[in-house]
Protein chains: 2
Amino acid sequence: MPGFKVPEITIQRLSIYLRALKKFTDEGILSSQGLARLVGTTAAQVRKDLAYFGEFGIPGQGYNIGKLKQEIRHILAVDKEWRLALVGAGKLGTALLAYPGFKREEFKIIAVFDNDPKKIGKKVEGITIEPVEKITDILLEYEVKIGILTTPADVAQSVVDKMIEGGVRGILNFAPVHLKIPEKIKLKNVDLSMELEALSYFLAKEAKHRKAKGRT
Amino acid sequence: MPGFKVPEITIQRLSIYLRALKKFTDEGILSSQGLARLVGTTAAQVRKDLAYFGEFGIPGQGYNIGKLKQEIRHILAVDKEWRLALVGAGKLGTALLAYPGFKREEFKIIAVFDNDPKKIGKKVEGITIEPVEKITDILLEYEVKIGILTTPADVAQSVVDKMIEGGVRGILNFAPVHLKIPEKIKLKNVDLSMELEALSYFLAKEAKHRKAKGRT
């Protein structure tokens, strides 16, 4: 199966597998059933997801844990260091800078930008806030390839244009806006309210079931 | 197809369809091709997603926009008001309280809790911060059904136990921890660093393609 187009949901599951595997030391073997149980999926799903990238298992036994971690890290390209820049040092931006999941060796936020003169020159999480006019130059100089966008909607597009001019190839967008970007740039829109809608769907469905069964 | 188990990814796409539809007035007709183009999927996918819930289209024409909005709102249960509570008034919690996507009529955050005596009694986004000891009582009193968890990992489980005692049925968890919850409670874990891993995967893959093609 290697070479087939890999669905995004498979990549998401690889991240989940890696998180589960991190709880184990590198020695030892884990079966696909074992890994599946840890993350709440099926053994067939685990094998299918991994099969996109080659053969990692020991037939009839399972996966060497250390090797599997290393392979997934390599697939996700988190075995190297990425330099990131964040634009929009407001509440969400500042919270993300302090977010443990964003303080990882693989993902180094090395520059922060804002257009508020009162913020420029101040430090947030040890990084000096620079004016948005400098985005392109600083990103080019430090070879930043990933941009995080936490600006208000009305300035988002102009910031993204500057990021792309600065050589950014991937953008994680928290601004509630539809961005126009060249096809070669990868855009991930994060809309946290969609998570709430998924919850309300399940709660309403469950309430209906309870009602039908006459339970409270 | 109604009655079949609906995949979570379909629910996610319904949220995306609803966002795209909101840009249109209620009058008029939109084809499944038209809707698919707006969100970057196929007409077959749109039809399949909606078919889980019944027949909404006008054969050979498409969907009545106003009616489709209303139907999706009903499916996602965002045609009613949900009361929410947030626990953990730190950086991320405060940012989420100010987050536009969380300031919606359907999702009303009516209570905020923290265990820091310096924060208790202060207001954040107009809501007075209450001590964590009061979680169960206040949630029961105001019939809060959804909880948002933005505490550090070490207190997350005890807070969740209090939430569930208070009648919460759905939890949006930002704490980097594996929570033990009863099966009837719906848990959505949000790990923003997984979005970064999806980006790094695609950037590394694209870089390899470019290299193979001899382009820079």
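To be clear, the structure that these remarks concern was listed above.
Everything in this summary refers to the structure shown in the same document. (Residues numbered from 1 in each chain as written. Chains lettered and ligands numbered in written order. Predicted model: local features only at pLDDT ≥ 70, side-chain atom pairs only at ≥ 80, totals over all residues. Heavy atoms only, no water.)

### Digging into the interface of chain B and chain A
Contacts between the two partners involve 53 residues from chain B, matched on the other side by 53 residues from chain A. Between chain B and chain A lies a buried interface of about 5,300 Å² when both sides are counted; carbon and sulfur atoms form 70% of it. Per-residue buried area on chain B facing chain A is highest for Leu196, Glu197 and Tyr201 of chain B; these three make up 13% of the total on that side. At the boundary of chain B and chain A, one finds 12 salt bridges. One salt bridge connects glutamate 195 of chain B with lysine 188 of chain A, and the closest N-O pair in it is separated by 3.5 Å. On the surface where chain B and chain A come into contact, there are 20 residue pairs in polar contact (both at pLDDT 80 or more). Ranked by the residues each element gives to the side of chain B that touches chain A, the list is headed by helix α8 (residues 193-212) of chain B, at 14 residues. Of the residues assigned to the side of chain B that touches chain A, the class counts are 31 nonpolar, 7 polar and 15 charged. (Contact = heavy atoms within 4.5 Å. Buried area = accessible area lost by both parts, 1.4 Å probe. Salt bridge = Lys/Arg side-chain N within 4 Å of Asp/Glu carboxyl O. Polar contact = N/O pair within 3.5 Å; in protein donor to acceptor, adjacent residues only side chain to side chain. Helix = DSSP H or I, 4+ residues; strand = E, 2+ residues; numbered from the N terminus. Nonpolar A, V, L, I, M, F, W, Y, C, P; charged D, E, K, R; others polar.)

### Describing the side chain of serine 200 of chain A
Counting through the fold element by element, serine 200 of chain A comes out in helix α8 (residues 192-213). Since its relative accessible area comes to 0%, serine 200 of chain A is described here as buried. A polar contact is formed between the side chain of serine 200 of chain A and the backbone oxygen of glutamate 197 of chain A, at a distance of 3.1 Å. When sequence neighbours within four positions are dropped, the list of residues in contact with serine 200 of chain A reads Leu76, Ala77, Val78, Trp82 and Phe107 of chain B. (Buried < 20%, exposed > 50% of the residue type's maximum accessible area, 1.4 Å probe, protein only.)

### Details of the side chain of lysine 188 of chain B
In this fold, lysine 188 of chain B is placed in strand β9 (residues 186-189). Judged by relative accessible area, lysine 188 of chain B falls into the buried class, the value being 14%. Leaving out residues up to four positions away in the same chain, lysine 188 of chain B has contacts with Glu195, Ala198 and Leu199 of chain A together with Glu8, Ile171, Leu172 and Asn173 of chain B.

### Considering the relation of the copies chain B and chain A
Mapping chain B onto chain A calls for a rotation angle of 180 degrees and an axial translation of 0.0 Å; the resulting RMSD is 0.0 Å. Those values place the two copies in the arrangement expected of a two-fold rotation axis. Take the interface residues of chain B: 100% of them recur as interface residues in chain A, which is what a same-surface contact looks like. (Least-squares fit on C-alpha atoms with pLDDT ≥ 70 in both.)

Geometric descriptors of this kind do not, in isolation, establish any biological role.
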